[in-house]
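Close look at the chain arrangement
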Amino acid sequence: MKYVDEFRDAGLARGLAAAIGREAAAGRSYHLMEFCGGHTHAISRYGIPDLLPANVRMIHGPGCPVCVLPVGRIDDAIAIARQPGVILCTYGDVLRVPGSGRVSLLKAKAGGADVRMVLSTMDALRIAEENPDREVVFFAIGFETTTPPTALAIQAAQARGLSNFTVFCNHVLTPSAIQNILESPEVRELGTLPLDGFIGPAHVSVVIGSRPYEYFAEEYRKPVVVAGFEPLDVLQAILMLVRQVNEGRAGVENQFTRAVTRDGNRKAQRLVAEVFEMRRSFEWRGLGIVPYSGLRIKEAYGAFDAERRFAVPGRSVPDHKGCECGAILRGVKRPSDCKLFGTVCTPENPMGSCMVSAEGGCAAHYTYGRFRDHQNAGAA
Ligand code: SF4
């Protein structure tokens, strides 16, 4: 398959891994965070840690859209879904994220709420058109990649005069999360999270471009390499980061030139700016309240804002006791550090959001990495 097979070539992968092994200087370590859940999944799926020398360590970041939704927002969505006449639509993974008391949207559906899985925002619009006597709410989540389709749906609903369609907006912003991590006490004061550079997200960067990362690279002296999702993309990005660190550089480089430009998709950016504006703050699982990190619907489209139409509890709720998702999303712990990992908590029975989506650190680790972990533990 064009643009896939040639980025999975085993011989080239071995060559890149050997180059990383040669160039990663002995006597120092390289702590590289992959921000995006898509990279977390690719790194686990293709066994990339096994190809790296011991002094190059990958750290999962908070870029899994399902994982960063806090318990309180799940509770809010469930509260909306339980209101009479409501059909709540959202993407598949979101349905299984546990809220308070381990009640998920799927459990709410089993209890009688009309909750439906959709594959796109346009599916939700169609459901609204087909059910004019019901209130259809789209539970919108995700980073900059999924925001333009939500904006498009809101504009389409306005153009079609759909008064029974609203959006419960939970879209969040990548640059704010990266800044939050760089400003965290673990990085700045305690030194418990050494960070030498970032693999920048692929799909998000298609939309926002590579320019927004230039600030971090310059201000915090952390190199960023935007990378695609195939194994050779990731290995090449790691090599590019190792080289920057060795040369004392901290710039933004683009490995994913086949899809990402410096300025991104201007049309998508304009669309988002027409419909959404920044919230002063937004709660993230793991990161807490992050200033200017989430979007809300502008007044001009207020008729399509579920938070204006429905009463929601709006409470901040702590994670399940024993769940380490928060620390994993901050890069401070690994999935295998959680006592519930692979025993009480599995993809079939997730206790926290990181075990739900394929992009979650715990789910990726459970699916592709746990046996390796056990082998390593046995060898040690
Ligand atoms: S294994 Fe489960 S309980 Fe533990 S951190 Fe991951 S999602 Fe949370």
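Residues numbered from 1 in each chain as written. Predicted model: local features only at pLDDT ≥ 70, side-chain atom pairs only at ≥ 80, totals over all residues. Heavy atoms only, no water.

With parallel pairing, the 4 strands of this open sheet are ordered in space as S4-S3-S5-S6. Looking at the sheet topology across the chains shown, the edges are occupied by strand S4 (114–117) and strand S6 (165–171). Pairwise comparison of adjacent strand axes, ignoring direction, gives a mean angle of 20° for this sheet. Where strand S3 (residues 86–90) meets S4, 4 bridges bridge the pair, whose relative direction is parallel. Bridge pairing in S4 places Thr90 opposite Met117. Set on the sheet, helix H4 (residues 71–81) makes contact with S3, S4, strand S5 (135–142) and S6; between it and S6 the angle comes to about 170°. In this fold helix H7 (residues 147–159) packs onto S5 and S6, with an angle of close to 160° to the strand it touches most, S6. (Pairing = 2+ DSSP bridges. Helix = DSSP H or I, 4+ residues; strand = E, 2+ residues; numbered from the N terminus. Axes fitted to C-alpha atoms, helices over the stretch in contact; angles between N-to-C directions. Contact = heavy atoms within 4.5 Å.)

The next thing to look at is the sheet that holds strand S1 (residues 30–36). Pairing is parallel in the open sheet, where 5 strands are placed in the order S2-S1-S7-S8-S9. This sheet does not close on itself; its edge strands, each paired only once, are strand S2 (56–63) and strand S9 (252–254). This sheet shows a mean twist of 25° between the axes of neighbouring strands, independent of strand direction. Here S1 pairs with strand S7 (residues 197–200) via 3 bridges, running parallel. Following the sheet pairing, Met33 is matched in S7 by Phe198. This element, helix H8 (residues 174–183), spans S1, S2 and S7 of the sheet and lies at about 150° to S1.

This part is about the state of the cysteines. In total, this model carries 1 disulfide according to the counting rule given. The disulfide partner of Cys64 is Cys67, and the S-S distance across this bridge is 2.3 Å. A torsion of 75° about the S-S bond marks the disulfide between Cys64 and Cys67 as right-handed. Cys67 carries the same exposure label as Cys64, and that label is buried. Its sulfur unpaired, Cys36 is 8.9 Å from the next cysteine sulfur, which belongs to Cys64. Looking at Cys169, it has no disulfide partner, and the nearest cysteine sulfur is the one in Cys89, 16 Å off. Taking the relative accessible area as the measure of exposure, Cys169 reaches 1% and is therefore buried. (Disulfide = S-S within 2.5 Å. Buried < 20%, exposed > 50% of the residue type's maximum accessible area, 1.4 Å probe, protein only.)

To continue, consider the site of the ligand. Around the ligand, the neighbouring residues are Cys323, Glu324, Cys325, Ile328, Cys338, Leu340, Phe341, Cys345, Met351, Gly352, Met355 and Cys362. Of the residues assigned to the shell around the ligand, the class counts are 10 nonpolar, 1 polar and 1 charged. (Near = heavy atom within 4 Å. Nonpolar A, V, L, I, M, F, W, Y, C, P; charged D, E, K, R; others polar.)

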